[in-house]
Amino acid sequence: MHRYHRRAIAGLSAAALASTTLLAPAAADDLTPVDAIAPHTADYGYYLDTYGQNTTQNMTPESNPAIGVLAQMLKLWTPGESWNDGTKLNAEVLDQNIAIVERLTSNRSTEEGIQAYLSDRRNQNYSMLEGLGVDQARISELINAGTTIADQIPADATTVKYDDAGNANGEWGDADSTLGSFVELVNTVRGPAATSNRAKEYYQYMRPFRWSTDVDVLPALRPAQKPDSEALGDGGFPSGHTNAAFLAGYAMAAATPSTTQN
């Protein structure tokens, strides 16, 4: 889990948790009906059963669960035929989203810039090891974790694109290491069926810097910025980095429950 998630968990004191057992039980009439919170099947079925349909052969909300689970976006936006000809259905919400990005990128601190660079260029699996807290160093050693992206932004990063080459074996962690099962779990959860690419290709929602020239892309990340000629499929919704980081975090949390609850 990411450090922010761990801090939230740590904020729940033992006393606070214990106090929940002292509350009077809710009356039967106050309980939410079971059928109201039961999982409902979508056009593609249940996500758990059909997630493997996240392929290029299934490119509709009805056939692809990774597209369909995000279908509320269609209340805000209608995809076009290409990367720059969609239609805003709720301009107020979408414009506010871009305005927030403008504000955040124009007021970032030096440290925030460094963290943005590391989050973008490092393998998300490696980055999420930070969520292991006091056990990060030991687990990193047991899986032979590695990255080629240093803790500081290289001086020439404004002109050179740096990609994470992982450890000496070219991996973020080794599946044949002492704790190889940990690596295998994360890699499995982040398998091909979990990609956000099909959804990006369907929704065709531009990245913020294409919506507004007032979005200040970090200079060190400009070499990684794709030109408009490569914009097809390079959408900003959903976020691929966010998807990858959450998947890695879920897997690591499941593998180390005692660590993620400390």
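None of the values given here were measured: they were computed from a predicted structure. (Residues numbered from 1 in each chain as written. Predicted model: local features only at pLDDT ≥ 70, side-chain atom pairs only at ≥ 80, totals over all residues. Heavy atoms only, no water.)

## Describing a nonpolar patch on the surface
Judged by side-chain polarity, Tyr47, Tyr51 and Val69 come together as a nonpolar surface patch covering roughly 290 Å² of accessible area. Assignment of secondary structure puts Tyr47 in helix α4 (residues 47–50). Judged by its relative accessible area of 36%, Tyr47 falls in the partly exposed class. (Patch = residues over 30% accessible without salt bridge, like charges linked within 9 Å, V, L, I, M, F, W, Y side chains within 5 Å. Areas by Shrake-Rupley, 256 points an atom, 1.4 Å probe, with all protein chains shown as cover. Salt bridge = Lys/Arg side-chain N within 4 Å of Asp/Glu carboxyl O. Helix = DSSP H or I, 4+ residues; strand = E, 2+ residues; numbered from the N terminus. Buried < 20%, exposed > 50% of the residue type's maximum accessible area, 1.4 Å probe, protein only.)

## A short note on unusual backbone geometry
Cis geometry marks the peptide bond from Phe237 to Pro238, where omega comes out at -10°. The residue Pro238 is located in the loop between α12 (208–211) and α13 (240–255) in this model. Notably, Asn144 is not glycine yet its phi reads approximately 55°, a positive angle. For Asn144, the location among the structural elements is in the loop between α9 (136–142) and α10 (180–189). Given a relative accessible area of 34%, Asn144 falls into the partly exposed group. Within the chain, Gln204 stands out as a residue other than glycine whose phi angle is a positive 45°. Structurally, Gln204 is set in the loop between α11 (197–203) and α12. Take Gln204: its relative accessible area is 8%, and that puts it in the buried class.

## Concerning the packing of aromatic side chains
By the definition in use, this model includes 6 aromatic pairs. Ring plane angle 80° and centroid distance 5.8 Å describe the contact between Trp77 and Trp211, whose orientation is recorded as edge-to-face. Residue Trp77 is located in strand β1 (residues 77–78), and its partner Trp211 is located in helix α12; the two are separated by 134 residues in the primary sequence. Taking relative accessible area as the criterion, Trp77 reaches 2% and is therefore assigned buried. (Phe/Tyr/Trp six-rings, centres within 6.5 Å; stacked < 30°, edge-to-face > 60°.)

## Regarding the confidence of the model for the protein
Predicted coordinates in areas of low pLDDT are best not read in detail. When pLDDT is averaged across the protein, the result is 89; 87% of the residues are at 70 or more. In this model residues 1–24 is a low-confidence stretch, pLDDT under 50, and it forms 24 contacts with partners more than four residues away in sequence or in other chains. (pLDDT = per-residue confidence, 0-100. Contact = heavy atoms within 4.5 Å.)

## Some remarks on the pattern of salt bridges
All told, the structure shown has 12 salt bridges when counted by the stated rule. When the shortest N-O distance is used, the salt bridge between Asp163 and Arg121 registers 2.4 Å. Of this pair, Asp163 sits in the loop between α9 and α10 while Arg121 sits in helix α7 (residues 110–121), and the two are 42 residues apart along the sequence. Note that Lys161 and Asp163 form a salt bridge whose closest N and O atoms lie 3.9 Å from each other. One connected set of salt bridges, linked through shared partners, spans Asp120, Arg121, Lys161 and Asp163.

## Focus: the nonpolar core
The tendency in soluble globular proteins is for nonpolar side chains to be buried as a group. In terms of nonpolar packing, the biggest core is built from 19 residues, with Tyr117 and Tyr205 touching the most fellow members. If you list the elements that add at least two residues to this core, you get α6 (91–106), α7 and α11. Ranked by residue count, the leading element in this core is α7, at 3 residues. With residues near it in sequence (within four places) discarded, Tyr117 still touches Ile149, Ile153, Pro154, Ala157, Tyr162, Leu218, Ala220 and Leu221. With 13 residues, the next largest nonpolar core counts Met128, Leu129, Trp172 and Ala245 among its residues. (Core = buried A, V, L, I, M, F, W, Y, C linked by side-chain atoms within 4.5 Å.)

## A few points about α10
Think of an α-helix as turning once every 3.6 residues; residues three or four places apart then point the same way. Every buried residue of α10 is listed here: Gly180, Phe182, Val183 and Val186. Within α10, the buried residues cover an arc of 155° as seen down the axis, which keeps them to one side. Of the exposed residues in α10, those oriented more than 90 degrees away from the buried face are Ser181 and Thr188. Looking at the buried residues of α10, the elements they touch are α8 (124–127), α9 and α13. (Arc of directions from axis to C-beta.)

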